[in-house]
Amino acid sequence: METVGIWCGAILTLAIFSFLYKDNPVYKACEAIFIGVSAGYYAIVYFFDSIYKKFWLGAVTADQPEEWLFGGAILGVLFLTRLFPKISWVARWPLAFIVGATAGLYMVNYFVTNAMNQVASTITDVIARGDAGDINWIQSFGTLVILVGVITGLMYFFFSKEHKGAFGGGAKVGIWFLMVTFGASFGYTVMSRMSLLIGRMDFLLGDWLGLIN
Amino acid sequence: MKNLFNMSRFKIVFTVCVLLSLYSFVNAQAPAVTTVGITPPAPVTELTAVDTDNDHGHSITVKWTPSADDGAGANNVLGYRVMRSNSFEGPFNDTVGVVPLGSTNFENSSSIEEGAEGFIPDNTDFYYRVDALTGDSLVFSSSEVTGPVHSYGQWFNKGLIPVFFAVIIFTALTVLFVSAARKGKELYVRPLAGIEAVDDAIGRATEMGRPILYVFGLGVASDIATIASFTILSRVAKRVAEYQTNLIVPCYDPIIMTVAQDIVKTAYMDAGRPNDYKEDAVFFITQAQFAYVGAVNGIMIRELPATNIYMGKFYAESLMLAETGVVSGSIQIAGTDEIAQIPFFVVACDYTLIGEELFAASAYLGREPLLLGSLKAQDYAKAAVLVLALLGILAVNFSGDLGLTWLVNFKDWFKVID
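Residues numbered from 1 in each chain as written. Chains lettered and ligands numbered in written order. Predicted model: local features only at pLDDT ≥ 70, side-chain atom pairs only at ≥ 80, totals over all residues. Heavy atoms only, no water.

1. Regarding the sheet that holds strand β10 (residues 247-251) of chain B
Residue and element names in this part refer to chain B.
Moving on, step 1. Here six strands make up an open sheet; going across it, the order is β11-β10-β9-β12-β13-β14 and the pairing parallel. In this open sheet, the two strands that pair with only one neighbour each are β11 (282-284) and β14 (351-354). Taking the axes of each pair of neighbouring strands and ignoring which way they run, one obtains an average angle of 15° across the sheet.
Moving on, step 2. Taken together, the three bridges between β10 and β11 define a ladder with parallel strand orientation. (Pairing = 2+ DSSP bridges. Helix = DSSP H or I, 4+ residues; strand = E, 2+ residues; numbered from the N terminus. Axes fitted to C-alpha atoms, helices over the stretch in contact; angles between N-to-C directions.)

2. Topic: the pairing of strand β13 (residues 331-336) of chain B
Consecutive residues of a regular strand have side chains that alternate between opposite faces of the sheet.
Residue and element names in this part refer to chain B.
Moving on, step 1. The buried fraction of β13 is high, at five of six residues.
Moving on, step 2. When strand β12 (residues 307-313) meets β13, the two strands line up parallel, connected through six bridges. Pairing of Y310 across the sheet is with A334, part of β13.
Moving on, step 3. Where the polypeptide runs from β12 across helix α7 (residues 317-327) and back to β13, its parallel neighbour, the crossover connection is right-handed. (Buried < 20%, exposed > 50% of the residue type's maximum accessible area, 1.4 Å probe, protein only. Right-handed = clockwise from strand over helix to strand, strands pointing away.)

3. What about a nonpolar patch on the surface?
All names here are of chain A.
Moving on, step 1. A surface patch of nonpolar side chains, amounting to about 920 Å² of accessible area, comprises I44, F47, F48, I51, Y52, W56, L57, V60, F70 and I74.
Moving on, step 2. Those elements that place two or more of their residues in the nonpolar patch are α2 (25-60) and α3 (69-79).
Moving on, step 3. Ranked by residues supplied to the nonpolar patch, first place goes to α2 with eight residues.
Moving on, step 4. With respect to the secondary-structure elements, F70 resides in helix α3. (Patch = residues over 30% accessible without salt bridge, like charges linked within 9 Å, V, L, I, M, F, W, Y side chains within 5 Å. Areas by Shrake-Rupley, 256 points an atom, 1.4 Å probe, with all protein chains shown as cover. Salt bridge = Lys/Arg side-chain N within 4 Å of Asp/Glu carboxyl O.)

4. Some points on the interface of chain B and chain A
Moving on, step 1. Opposite the 67 residues of chain B that make contact, chain A presents 52 residues.
Moving on, step 2. Where chain B abuts chain A, roughly 5400 Å² becomes buried across the two surfaces, and 72% of that area is made up of carbon and sulfur atoms.
Moving on, step 3. The interface formed by chain B and chain A holds four salt bridges in total.
Moving on, step 4. Ionic pairing is found between D262 of chain B and R82 of chain A, a salt bridge with its closest N-O pair at 3.5 Å. (Contact = heavy atoms within 4.5 Å. Buried area = accessible area lost by both parts, 1.4 Å probe.)

5. Considerations on the packing of helix α1 (residues 2-17) of chain A against helix α6 (residues 165-208) of chain A
Residues and elements named next belong to chain A.
Moving on, step 1. Where α1 meets α6, the closest approach of the two axes is 10 Å, and the angle between their N-to-C directions is 135°. With respect to each other, α1 and α6 are oriented oblique. Judged by the sense of rotation from one axis to the other, the crossing of α1 with α6 is left-handed. On the side of α1, the interface is formed by I6, W7, G9, A10, T13, L14 and F17, while α6 contributes L197, R200, M201, F203, L204, D207 and W208.
Moving on, step 2. Tallied by class, residues from the contact of α1 with α6 come to 10 nonpolar, two polar and two charged. (Parallel < 35°, antiparallel > 145°, perpendicular 65-115°, else oblique. Left-handed = near helix turned anticlockwise from the far one by under 90°. Nonpolar A, V, L, I, M, F, W, Y, C, P; charged D, E, K, R; others polar.)

6. Remarks on the state of the cysteines
In protein structure, a disulfide is the covalent linkage between the sulfur atoms of two cysteines.
Moving on, step 1. Scanning the entire structure with this criterion turns up zero disulfides over all chains.
Moving on, step 2. The structure places no disulfide on C30 of chain A, whose sulfur is separated from the nearest cysteine sulfur, that of C8 of chain A, by 11 Å.
Moving on, step 3. This cysteine, C251 of chain B, is not joined by any disulfide, and C349 of chain B carries the nearest cysteine sulfur, 19 Å off.
Moving on, step 4. What makes C251 of chain B buried here is its relative accessible area of 1%. (Disulfide = S-S within 2.5 Å.)

7. Some words on the domain arrangement of chain B
Moving on, step 1. Once the domains are mapped, chain B shows domain 1 (45-149), domain 2 (162-177 + 371-414) and domain 3 (187-367).
Moving on, step 2. Between domain 1 of chain B and domain 2 of chain B, the C-alpha centre-to-centre distance is 39 Å. (Domains from an automatic or database assignment.)

8. Here's the deal with the sheet that holds strand β5 (residues 105-109) of chain B
Residue and element names in this part refer to chain B.
Moving on, step 1. The strand order across the open sheet built from three strands is β1-β2-β5, with neighbouring strands paired in antiparallel fashion. Every interior strand has two partners, whereas the edge strands, β1 (45-51) and β5, have only one. Within this sheet the neighbouring strands show an average axis-to-axis angle of 15°, counted without direction.
Moving on, step 2. Two elements, strand β2 (residues 59-65) and β5, share five bridges in a ladder whose sense is antiparallel. Looking at the pairing, S59 lines up with S109 of β5.

9. Describing helix α4 (residues 92-122) of chain A
Moving on, step 1. In this model α4 of chain A runs 42 Å from its N-terminal to its C-terminal C-alpha over 31 residues, within 8% of the 45 Å that 1.5 Å per residue would give.
Moving on, step 2. V112 of chain A marks where α4 of chain A bends most, by close to 35°.
Moving on, step 3. Turning to α4 of chain A, its buried residues number three or more, namely P94, L95, T102, F111, V112, A115, M116, V119, A120 and T122 of chain A.
Moving on, step 4. Where the residues of α4 of chain A are buried, they touch α3 and α5 (137-156) of chain A together with α2 (161-182), α5 (254-270) and α10 (369-398) of chain B. (Expected span 1.5 Å × (residues − 1). Bend = angle between axes of the 7 residues up to and from the residue.)

10. Focus: the side chain of Q287 of chain B
Moving on, step 1. One can find Q287 of chain B in the loop between β11 and α6 (289-303).
Moving on, step 2. A polar side-chain atom of Q287 of chain B sits 3.4 Å from a polar atom in the side chain of D253 of chain B.
Moving on, step 3. The residues contacting Q287 of chain B, other than those within four sequence positions of it, are Y42 and Y46 of chain A together with Y252, D253 and P254 of chain B. (Polar contact = N/O pair within 3.5 Å; in protein donor to acceptor, adjacent residues only side chain to side chain.)

11. Some points on the layout of surface pockets
Moving on, step 1. Looking at the second largest pocket, its volume works out to about 1500 Å³.
Moving on, step 2. Along the walls of the second largest pocket sit 31 residues, with I16, F17 and L20 of chain A together with F290 and M320 of chain B positioned nearest its centre.
Moving on, step 3. Broken down by secondary-structure element, the contributors of at least two residues to the lining of the second largest pocket are α1, α2 and α6 of chain A together with α6 and α7 of chain B.
Moving on, step 4. Looking at the lining of the second largest pocket element by element, the count peaks at six residues for α6 of chain A.
Moving on, step 5. Grouping the amino acids of the lining of the second largest pocket by side-chain chemistry returns 21 nonpolar, five polar and five charged. (1 Å grid on protein atoms, 1.4 Å probe; cavity = no way out; pocket = protein on both sides within 12 Å on 5 of 7 lines; lining within 4 Å. Points joined across faces, edges and corners; volume = space filled by probe spheres on them.)

12. Brief notes about the environment of N114 of chain A
All names here are of chain A.
Moving on, step 1. On the secondary structure map, N114 appears in helix α4.
Moving on, step 2. In this structure N114 comes out as partly exposed when scored by relative accessible area, which is 48%.
Moving on, step 3. The spacing of N114 and I212 is 98 residues in sequence and 48 Å in space, taken between C-alpha atoms.

13. What about the packing of aromatic side chains?
Moving on, step 1. Taken as a whole and assessed by the stated rule, the structure comprises 25 aromatic pairs over all chains.
Moving on, step 2. Ring plane angle 35° and centroid distance 6.0 Å describe the contact between Y42 of chain A and Y46 of chain A, whose orientation is recorded as tilted. Residue Y42 of chain A and its partner Y46 of chain A are located together in helix α2, separated by four residues, close to a single helical turn.
Moving on, step 3. Given a relative accessible area of 40%, Y46 of chain A falls into the partly exposed group.
Moving on, step 4. Ring centres of F88 of chain B and Y127 of chain B lie 6.0 Å apart, and the angle between their planes is 85°; this geometry places the pair in the edge-to-face category. (Phe/Tyr/Trp six-rings, centres within 6.5 Å; stacked < 30°, edge-to-face > 60°.)

14. Describing the pattern of salt bridges
Moving on, step 1. For the structure shown, the criterion picks out 18 salt bridges over all chains.
Moving on, step 2. Notably, a salt bridge pairs E162 of chain A with K164 of chain A, separated by 3.5 Å at the nearest N-O pair.
Moving on, step 3. Residue E162 of chain A is classed as partly exposed on the basis of its relative accessible area of 40%.
Moving on, step 4. The class for K164 of chain A is exposed, based on a relative accessible area of 57%.
Moving on, step 5. Linking E356 of chain B and K382 of chain B is a salt bridge whose minimum nitrogen-to-oxygen distance equals 3.0 Å. Of this pair, E356 of chain B sits in the loop between β14 and α9 (357-366) while K382 of chain B sits in helix α10, and the two are 26 residues apart along the sequence.
Moving on, step 6. The exposure class of K382 of chain B is buried, given its relative accessible area of 8%.

Take a look at the structure:
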């Protein structure tokens, strides 16, 4: 059975890789299998996790039912009114509830991570000193670079002021900082993608063909 | 011989039992156990256990003064073991945590889910004891027992008071600017190249007779990036309707699909072409990340859209989509607030809205007072962050020299205990 699984995995991997050459019937078939299987899988997972395990066992048949789950079930049913054109507007209520509740919940987190923590992290000793009280020039320079990056980066994200003159110059420095950061992030992520490719090659050459241990 | 053997085995078993009983008795009576070479350390003192403040319950914080032999004296303490029991007399068999030497506290917390591993029920009394451990597992000193203590949740998290004030100020600013915008005050939003290019891209698609592909990414309807993307889709759909071009919106999330269908339909009606609206322009694919990517890539290669617009929440699929778009020769405009994915869009797309530019774009296009007002309030909040950070740096670096000691801890004003 394991051998069948390995062969299926290898053939499907090669079929997906064939897209690198050009679109072809094998890739199309593989794509359709992938989409069909995943859509079916998630339909079953959501049904059993949400409707059966969470709602049915938690609210309907449980010894101590969690009544608030009926609230979610009612919102879910309201969403199905989209199927009936005359009352399809009712489906906007559960949507409004989801968006509103999530926005409210995230608001505090956004303030903490994007405002309070940013301010607290930026406030630091610009002139770093060693144990003997002497100035650590390299560390001080690093702190200064971060400080300039934060200030000019924030300037770039001002939308109600035109980027002209000194302000525009600051914003331009800010976008340079952003691009350098993105470059570093790009390189880092490309390396992690390479490790994924190596993993696939390891599967093909090792598990499937047995050419490497 | 057989009897002798049996007798001998009986003696051995008997002796072992006696020794084990003795050990058990000694261990129960005397917390400090001695073996050759290592003497028991001094026990921890001033042991207290209280409910953890500012939380949802299910957590007890244990504090103590370290052993006199922790880094000093006999210097033989390697760590501390926190033990818990349901009664003062014990037995303290439940090891809830082990912390290294130098530690003075331990937070014994659990999930709120009943039945989870180590679950701590609220309003249930517990007793704690802390053992000072040495290199020999048999040599340790136990503290006095503290308790009873029980956990309970608080209605308010006092650690978030700074956030409370920040939210109040920000809300006031938003209300102020929204009402100003509603009264007709012109609120300036600087042009965004990526959004300015949308009209040109739709025109190009019309001239080429090819469709426009609009991708929301992997977000859900409640993501702020997705909400901003809805506004942009509305503008794009209206232009598409006016130019009588085709629009393709493959969706990852079924709720997004239903909202997008409403938006596109309304846009066609606003453009005066309700009959041109096609129900299947917006459709659901799957909720598996890479299956979705495979399908969208297939659409790009087969339908050859003139313009690909990626607006919303994107993860690892960003580069796969944008690379395929380059191969199919499409103009590409992207926008996301996922910092890790922006670099991929920057290298592979013609225009990229970076982070908050995506939110600004929705205000810029929509020109709705609510969006413009909140954008203006955000700018003021950013200005406040900038000023406070600069003031803080000055305070931290120079307040001591200037004798303004109350400013030295300026940074702490922004510390949030979550």
